[in-house]
Structure formats: structure tokens, C-alpha cells
Amino acid sequence: MKAARLVGPRQFEIIDAEVPTPLEGQCLIKLEKISVCGSDIRHEYSHLFPEDHYPGRLRVPGHECAGVVVESRCQEYREGQRVIIYPGRGANSGGLVEYITSGPDLMCALPDEGDMAEWVLCQPSGTVLYSVQQMGSLLGKDVVVVGQGVIGLSFTMLCAKLGAYRVIGIDPIGYRLEWSRKMGATHAFNPDEVNVIEAVEEMTGGRGADVVVEAAGYPDSFNTALRLVAQFGKVMVFGIQGDEFIPVEHNRS
């Protein structure tokens, strides 16, 4: 089978590797779709490791995977069944391969119909669902989502469906703002065109948003989230920051 490994920052090598053999209680899955997470890019693909780190382990990064069971040695899954797989950690982590083994505890069954490219997004959307559940009731509240990529749009959709009074999407890319409105945002702002701090303050009578989600992963968006939230409000920091330390603009009004 073909497998990928990092041989330097932003540089992959494709090699031939043996197809893994499933143990008792495991399945062998042929991967069909992989989604790229921000953590894959910032913690592995773009990260500058010491020289002796390269070449890296096979199939790393990649943890949002979907495929078809081609051999089953467990009772929970049958051959031909479509599944989502979380590759786990350690030696068995990473999904940049054609075949992977997994136990039932790291798999989730998919329907037989539908586009696998859409089903694979259940994994990142599931992490958003868990995060939204930590917010408590959103009924009648003002929510701002900074960043309208896949993760930010998932937050926008779920917050809107859970009864938020206003859901405000923020992103500098126009087509993402269009999707933000389609996914339930009541307002969508481009920070390069609108002073989002003033806009949110005007809408909320100077109070700020009850909940702010940081889903972009940059120091500027992190500090914007802190400035948008109301006193005693909640900030959900979801975006993956690339730097080890984030400067906090604590003295800005």
C-alpha cells in the first residue's frame, strides 16, 4: 500500500508499506476520505522539528478518516460496512495511508448511502457539538463566532439551532460569510471592512456578546474574542494557536 510520511517541514514522501494485519477484535479498513484539521497543519505539517526527527513516522498527520471495512475480526462491524475511524495515538496514529487497523472503540458506523466526503466531517463537527454542550443554554443569548471555516460554520449552525437570539459570524473571506448566513447567522461581518467591536457593542447596547467562540486560531482573533465578550460572559477557545505563547491585550478598553 501507499503511505505518507513527513521528511521535512511541509514536505511529504510517499512510500510503499505493508498492509497491516488486524488483531483479534480489530478491523482492517480501506480509507477513502481524509479531512485536514488545523492541528494537523500546525502541530505536524508546518512545525519545525529538530533535524533528527525526520523522517517522521508513517501516515502522520491525519486523524479525521472514513473508509470501508475490508476484513473484520470483531462482532461489532461487518465487512463492507462504512465507518469513521479515529487513528488514536502513538505508533498507530495518523491516517495518511491506504489501509489502517482499528478496534471498535475508535470507530463509528456510517449509513450505506451518502457522500463519504460529507460523512467524514461528522468527526470535526462532533467535537464542535461537544463544545457547544459545555456552553449551557443558549436560548435568547447573543453569540459571536470568530472564524467561519468548517469549524466556525459548525458552531454557527449549532448555536442557531439551539435558540441563540443572535449569531454573529466574523471572517475576512466573503464566500465564508455567505455560508455563515446560510448556516443560520443573523449577522456576518468582514473585520477588514467593519469595526466588529463597535458593531457588536451597538447591537448589544454596549454590553457585548454572552458567548464568543474563537474558531480561527490566530493571536489577533484570540484577542478579538476577549474584547467582544460581555462581562461574566463565556469565551470558547477552539482555534489551534501556532505559537507556544499568545500575547493577551489585557489593558485595551
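Residues numbered from 1 in each chain as written. Predicted model: local features only at pLDDT ≥ 70, side-chain atom pairs only at ≥ 80, totals over all residues. Heavy atoms only, no water.

A. A look at the layout of surface pockets. In this model, the largest pocket occupies a volume close to 1,100 Å³. If you trace the largest pocket, you find 42 residues lining it, with Gly 38, Ala 215, Ala 216, Gly 217 and Gly 239 closest to the centre. Listing elements by their share of the lining of the largest pocket, those giving two or more residues are α1 (38–45), α3 (122–133), α4 (150–161) and α7 (219–228). The element contributing the most residues to the lining of the largest pocket is α1, with four residues. (1 Å grid on protein atoms, 1.4 Å probe; cavity = no way out; pocket = protein on both sides within 12 Å on 5 of 7 lines; lining within 4 Å. Points joined across faces, edges and corners; volume = space filled by probe spheres on them. Helix = DSSP H or I, 4+ residues; strand = E, 2+ residues; numbered from the N terminus.)

B. Fine view of the pairing of strand β4 (residues 64–72). As paired strands, strand β3 (residues 27–35) and β4 are joined by eight bridges and run antiparallel to one another. Paired with Ile 29 across the bridge in β4 is Val 69. Bridge count between β4 and strand β5 (residues 82–85): four bridges; the pairing is antiparallel. By the bridge assignment, Gly 67 is partnered in β5 with Val 83. (Pairing = 2+ DSSP bridges.)

C. Molecular detail of the pairing of strand β9 (residues 166–170). With respect to burial, β9 is a largely interior element, five of its five residues being buried. Burial along β9 is two-sided: Arg 166, Ile 168 and Ile 170 facing one way and Val 167 and Gly 169 facing the other are all buried. Here strand β8 (residues 142–146) pairs with β9 via five bridges, running parallel. By the bridge assignment for β9, Val 146 is matched with Ile 170. Note that the unit made of β8, α4 and β9 has a crossover that is right-handed. Pairing of β9 with strand β10 (residues 187–189), which is carried by three bridges, proceeds in the parallel orientation. By the bridge assignment for β10, Ile 168 is matched with His 187. (Buried < 20%, exposed > 50% of the residue type's maximum accessible area, 1.4 Å probe, protein only. Right-handed = clockwise from strand over helix to strand, strands pointing away.)

D. Molecular detail of the side chain of Arg 82. Relative to the helices and strands, Arg 82 resides in strand β5. Buried Arg 82, no salt bridge; nearest opposite-charge side chain is Asp 112, N-O distance 5.3 Å. Here the side chain of Arg 82 touches Gly 114 through a polar contact of 3.0 Å, landing on its backbone oxygen. Look past the residues within four positions of Arg 82 in its chain and what remains in contact with it is Gly 67, Val 68, Cys 108, Ala 109, Leu 110, Pro 111, Asp 112, Glu 113, Gly 114, Met 116 and Trp 119. (Lys, Arg positive; Asp, Glu negative; His and termini not counted. Salt bridge = Lys/Arg side-chain N within 4 Å of Asp/Glu carboxyl O. Polar contact = N/O pair within 3.5 Å; in protein donor to acceptor, adjacent residues only side chain to side chain. Contact = heavy atoms within 4.5 Å.)

E. The arrangement of the pattern of salt bridges in detail. Tallied over the entire structure, the rule returns eight salt bridges. Lys 2 is the salt-bridge partner of Asp 16, the closest N and O atoms lying 2.9 Å from each other. With Asp 16 in strand β2 (residues 11–16) and Lys 2 in strand β1 (residues 2–8), the pair connects residues that are 14 residues apart, well separated along the chain. When the shortest N-O distance is used, the salt bridge between Glu 13 and Arg 5 registers 2.8 Å. Arg 5 sits in the partly exposed class, given a relative accessible area of 23%. Taken together, the shared-partner salt bridges connect Asp 142, Arg 166, Arg 207 and Asp 210 into one network.

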